[in-house]
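Geometric and topological summary
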Amino acid sequence: VFYLKNREIMVNNLVRSLATILVGVLLVFMNSEAILLMVRILGVVFLVPAFISAVRLIMNKRKQLSSSDVIVSVIDLGCIAFGLWLLLAPHVFVDFVVVLLALSLMGYALFQLYELFLARKFARFHWSYAIVPSLLVVAAVVALLVPGKTLSLMTIAMGIGAVMSGLSDIFISLLVDKNRS
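**Regarding the overall build of the chain**
Regarding its fold elements, the chain presents 6 helices and 0 strands. When its helices and strands are written in sequence order, the chain yields α-α-α-α-α-α. The buried share of the chain, taken over its 181 residues, is 37%. For the chain, contacts bridging at least 24 residues in sequence account for 82% of all contacts bridging at least 6. With an accessible surface of roughly 10,800 Å², the chain has 75% of that area assigned to carbon and sulfur atoms.

**A word on a nonpolar patch on the surface**
A grouping of Leu22, Val25, Leu26, Phe29 and Met30 is seen on the molecular surface, where their side chains present a nonpolar patch of about 470 Å² in accessible area. With respect to the element layout, leucine 26 can be found in helix H1 (residues 7–29).

**Some words on the pattern of salt bridges**
For the coordinates displayed, the defined rule picks out 2 salt bridges. The shortest N-O distance in the salt bridge between glutamate 115 and arginine 16 comes to 3.4 Å. Of the two residues, glutamate 115 is situated in helix H4 (residues 94–118) and arginine 16 in helix H1; the sequence distance between them amounts to 99 residues. Across the pair aspartate 169 and arginine 16 runs a salt bridge whose closest N-O atoms are separated by 3.2 Å. Taken as a pair, aspartate 169 in helix H6 (residues 151–180) and arginine 16 in helix H1 lie far apart in primary sequence, 153 residues in all. Aspartate 169 sits in the buried class, given a relative accessible area of 1%. Its relative accessible area of 27% is what places arginine 16 among the partly exposed residues. Within this structure, Arg16, Glu115 and Asp169 form a network of salt bridges that share partners.

**Considering the environment of valine 142**
For valine 142, the position within the fold is in helix H5 (residues 131–145). Classification of valine 142 by relative accessible area gives partly exposed; the value is 34%. Separated by 40 residues in the primary sequence, valine 142 and alanine 102 have C-alpha atoms spaced 8.7 Å apart.

**A few points about the nonpolar core**
For soluble globular proteins, nonpolar side chains are generally found buried alongside one another. Counting residues in hydrophobic clusters, the biggest one holds 23 residues, and the most contacted among them are Ile35, Val98, Leu101, Leu105, Ala143 and Met158. Counting residues per element, the ones that place at least two in this core are helix H2 (31–58), H4, H5 and H6. With 8 residues, the top contributor of residues to this core is H4. Aside from chain neighbours lying at most four places away, what touches leucine 101 is Val23, Leu27, Ile35, Met38 and Met158. Among the nonpolar cores identified, the runner-up in size contains 7 residues, and Leu116, Ala123, Leu175 and Val176 belong to it.

**A word on the packing of H4 against H5**
Running from N to C, H4 and H5 point in directions that differ by 155°, and their axes come no closer than 8 Å. Taken as axis vectors, H4 and H5 run roughly antiparallel relative to one another. As for the relative orientation of H4 and H5, their crossing is left-handed in sense. Contact residues: Val98, Val99, Ala102, Leu103, Leu105, Met106, Ala109, Leu110, Gln112 and Leu113 in H4; Pro133, Ser134, Leu136, Val137, Ala140, Val141, Ala143 and Leu144 in H5. Looking at the contact of H4 with H5, its residues break down into 16 nonpolar, 2 polar and no charged.

**Considering the side chain of glutamine 112**
On the secondary structure map, glutamine 112 appears in helix H4. Setting aside residues no more than four positions away along its own chain, glutamine 112 makes contact with Pro133, Ser165, Ser168, Asp169 and Ile172.

Procedures and definitions
Residues numbered from 1 in each chain as written. Predicted model: local features only at pLDDT ≥ 70, side-chain atom pairs only at ≥ 80, totals over all residues. Heavy atoms only, no water. Helix = DSSP H or I, 4+ residues; strand = E, 2+ residues; numbered from the N terminus. Buried < 20%, exposed > 50% of the residue type's maximum accessible area, 1.4 Å probe, protein only. Contact = heavy atoms within 4.5 Å. Areas by Shrake-Rupley, 256 points an atom, 1.4 Å probe, with all protein chains shown as cover. Patch = residues over 30% accessible without salt bridge, like charges linked within 9 Å, V, L, I, M, F, W, Y side chains within 5 Å. Salt bridge = Lys/Arg side-chain N within 4 Å of Asp/Glu carboxyl O. Core = buried A, V, L, I, M, F, W, Y, C linked by side-chain atoms within 4.5 Å. Axes fitted to C-alpha atoms, helices over the stretch in contact; angles between N-to-C directions. Parallel < 35°, antiparallel > 145°, perpendicular 65-115°, else oblique. Left-handed = near helix turned anticlockwise from the far one by under 90°. Nonpolar A, V, L, I, M, F, W, Y, C, P; charged D, E, K, R; others polar.

Right, here's the structure in full:
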């Protein structure tokens, strides 16, 4: 996508790369804390909208609740309970977050390989540009196969891979932009 002539797409690519670098740095330097923080953030994502919806339903002036209001209130209570569980006992969900992180990093690395393949129209690339995203895919596959075994080592490896992938993506974007001009 970054190889199009649209500057907005180039900026989006750089922002995505910087976000990947930030996640990578967090995973490297705060590996177990970063995973617990991600679980807690997920808890807030469940808790806040459900709480707002439940308060809105309670503040509703109608005396009669419809069947959809009852269904929504049950779902809200479930989301509030699940969000509190994620906030109060994040260790229970660490493996799940590692799997989600591995899947997202794998998707990002595969997308980067795809972009590299498409960018060949605008610039010549040495095969070594594919090493970092390929290693990131391998690390993500290992994390998917054994999410709970080597949590600290895998989060550090995924963090290093994310930083390298983000830096590589920025470098490739700038190289393609320079060659296109």
